[in-house]
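# Report on the structure
Residues per chain, in single letters:
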Amino acid sequence: MTSAWVAKEVIGDCILYEGDMRAVLPELAEKADLCATDPPYRLTSGGRGQTMGGKFHPDRYDNKGDLMQVLPWAKMPAPIFAALKEDADAYVMTNSKHVARSQIAFEAGGFKHHELLTWDKGAVTRQPFYLRCQEFTHYLWKGRARHIADGGAKTRFACAAPKNHWHPTAKPTSLMALYVLQSSDLGGLVLDPFAGSAATLIAAAAFGRRAIGVELKPRFFDLACEAVHAAYADGFAQVHAAWDRDRLANNIRGLAHAA
Ligand SMILES: C[S@@+](CC[C@H](N)C(=O)[O-])C[C@H]1O[C@@H](n2cnc3c(N)ncnc32)[C@H](O)[C@@H]1O
């Protein structure tokens, strides 16, 4: 019998799988309390003749939309829905061009839509039609809606993106910590089916949750395992310090440092 995953690594309260989430999720032994994820989608920016920097520099990126391996939105919700407990929240990140189609796909997959959240990155992506400085997160639920821990938090959260990171779309751990702390309990199981740099897993473990991540690309999987090891070795000091800074900057008082 062939395994649903290529590799599996257990690090503290985190389990990382290398493989395709569509194959791995149905095999998980325990249903998750929360999904917080940033799926891969086609990224185009800049338009013809525009020169962009960073990961969109023409030497690194052909503007055809495939910064990483992508999956159609319609293929994502079913395995995620089935991998969650009866009553659970899901946070699914997207950008302005994909907001509508991702919402349609996840609602068609059984999720209900609470709210569209905004991540203000501060820094801008240079492009000809407005300077893009934000990304979006669908805040969804399955089953009975649960209350978030701090209902006083605004729908906009501002914090800087990681700089010069090895993953092209690494998210800040503080952003993922917000979702984890709002919608899961101590000891709960957090799922990120598109783990990338493991930001969600690291945020979950830093605040006393267990986490499962799935990553398709072998290099990202290896580096994500290293990142989780490093976060444990550091006692999550950097994650906690960043969260305390960012939550105060966003006037979030109800979600204390939980570790
Ligand atoms: C937008 S990135 C996630 C970034 C992550 N939130 C972080 O902070 O680093 C999406 C990730 O999903 C991975 N991926 C793409 N298709 C996948 C699949 N079918 N199953 C699992 N992972 C997949 C990509 O390799 C990529 O690392």
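Residues numbered from 1 in each chain as written. Predicted model: local features only at pLDDT ≥ 70, side-chain atom pairs only at ≥ 80, totals over all residues. Heavy atoms only, no water.

## Here's the deal with the environment of Gly122
To keep things clear, this is the line we draw: Helix and strand definitions here come from DSSP, where helices need a minimum of 4 consecutive H or I residues and strands a minimum of 2 consecutive E residues; each element is numbered from the N-terminal end.
Mapped onto the fold, Gly122 is located in strand S5 (residues 112-125). Residues Gly122 and Ala161, 39 residues apart in the sequence, show an inter-C-alpha distance of 8.2 Å.

## Structural notes on helix H6 (residues 218-233)
Where we set the bar: A helix's residues, less one, multiplied by 1.5 Å, set its expected span. By definition, residues are in contact when any of their heavy atoms lie within 4.5 Å.
With 16 residues, H6 should cover 22 Å at 1.5 Å per step; its first-to-last C-alpha distance of 23 Å lies within 8% of that length. Structurally, H6 contributes buried residues whose contacts are with strand S1 (7-11), strand S2 (14-18), helix H5 (199-206) and strand S9 (210-215). Gly235 lies just past H6 and shows a positive phi near 65°.

## Side note on the pattern of salt bridges
Here is the rule we go by: Salt bridge criterion: a side-chain nitrogen from Lys or Arg within 4 Å of a carboxyl oxygen from Asp or Glu. Three labels apply to residues, based on accessible area from a 1.4 Å probe with only protein chains included: buried if under 20% of the type maximum, exposed if over 50%, partly exposed otherwise in between.
Evaluation of the coordinates by the stated rule reveals eleven salt bridges. Across the pair Glu30 and Arg210 runs a salt bridge, and its minimum N-O distance is 2.8 Å. Here Arg210 lies in strand S9 and Glu30 lies in the loop between helix H1 (21-24) and strand S3 (32-37), a separation of 180 residues in the sequence. With a relative accessible area of 28%, Arg210 lands in the partly exposed category. A salt bridge links Glu135 to Lys121, with the shortest nitrogen-to-oxygen separation between them at 2.8 Å. One end of the pair, Glu135, is in strand S6 (residues 132-142); the other, Lys121, is in strand S5, and 14 residues separate them in sequence. In this pair, the class of Glu135 matches that of Lys121, namely buried. Several salt bridges share partner residues, and in doing so they unite Asp38, Lys121, Glu135 and Lys171 into one network.

## Quick word on the site of the ligand
Let me state the cut-off plainly: By convention in these notes, a residue is near a molecule or strand provided one of its non-hydrogen atoms lies within 4 Å of it. Two N or O atoms form a polar contact when they lie within 3.5 Å of each other; inside protein one atom must be a possible hydrogen donor and the other a possible acceptor, and for residues adjacent in sequence the pair counts only when both atoms belong to side chains. All accessible areas in this document rest on Shrake-Rupley with a 1.4 Å probe, and a residue is counted as covered only by the protein chains that are shown.
Around the ligand there are 23 residues in total, and Met21, His167, Lys171, Ser197 and Glu215 lie nearest to it. Between an oxygen atom of the ligand and a side-chain N or O atom of Glu215, the distance comes to 2.6 Å. With respect to the ligand, the backbone of Leu216 contributes an N or O atom lying 3.3 Å from a nitrogen atom. Protein contacts shield 98% of the accessible area of the ligand, which totals 610 Å² for the unbound molecule.

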